[in-house]
Structure formats: C-alpha cells, structure tokens
Amino acid sequence: MTHQIGQQITRRLVCSGCGTEFGCDLSGNCWCAEETARLPMPTQGSDCLCRDCLRKAAAAGSSSRTA
C-alpha cells in the first residue's frame, strides 16, 4: 500500500523477517539509505527488512564470511 504525503510517496511494508510494520519513502530518502548495514535487494517474493532485522541479517552474514 502506498500513501502520498505532499510530494513524498511512502510505502507501508511488513518486515519479511519479523512482521513489524514500517514505512519506506520511495523518493530515495528511506531510513535504510542511512544504514551502514548492506544486503542485496530482496528476491523471490520477499520484501524489505525492518531496521532491527536488517542489522541482524547483516551481522549474521558478515560473521559467516569471516568464519
């Protein structure tokens, strides 16, 4: 679902990791752009992760690469 606020278009998402609802600013100013954690874009029907799940997945990915 999307909502338009002024010139911003926000998309309401449900985290594919934990089910938490959050918003994504489709103008490119999303909170995830400020994150240092980076993952490939979701594929095969999954969607974005909330901030906590993104950080957990990035930490798990980096620890598995160093092991």
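Residues numbered from 1 in each chain as written. Predicted model: local features only at pLDDT ≥ 70, side-chain atom pairs only at ≥ 80, totals over all residues. Heavy atoms only, no water.

Peer 1: A description of the pattern of salt bridges should follow, citing residues and the corresponding values.
Peer 2: In total, this model carries two salt bridges according to the counting rule given. With a shortest N-O distance of 2.8 Å, glutamate 35 and arginine 55 are connected by a salt bridge. Of the two residues, glutamate 35 is situated in the loop between β3 (21-25) and α1 (51-66) and arginine 55 in helix α1; the sequence distance between them amounts to 20 residues. Residue glutamate 35 is classed as buried on the basis of its relative accessible area of 6%. (Salt bridge = Lys/Arg side-chain N within 4 Å of Asp/Glu carboxyl O. Helix = DSSP H or I, 4+ residues; strand = E, 2+ residues; numbered from the N terminus. Buried < 20%, exposed > 50% of the residue type's maximum accessible area, 1.4 Å probe, protein only.)

Peer 1: Just give me the short version of the environment of serine 16, but keep the residues and values in it.
Peer 2: Examined against the element boundaries, serine 16 turns out to sit in the loop between β2 (8-14) and β3. In this structure the C-alpha to C-alpha distance between serine 16 and cysteine 53, which are 37 residues apart in sequence, comes to 8.8 Å. Setting aside anything within four residues of it in sequence, one finds serine 16 in contact with Ser46, Asp47, Cys48 and Leu49. (Contact = heavy atoms within 4.5 Å.)

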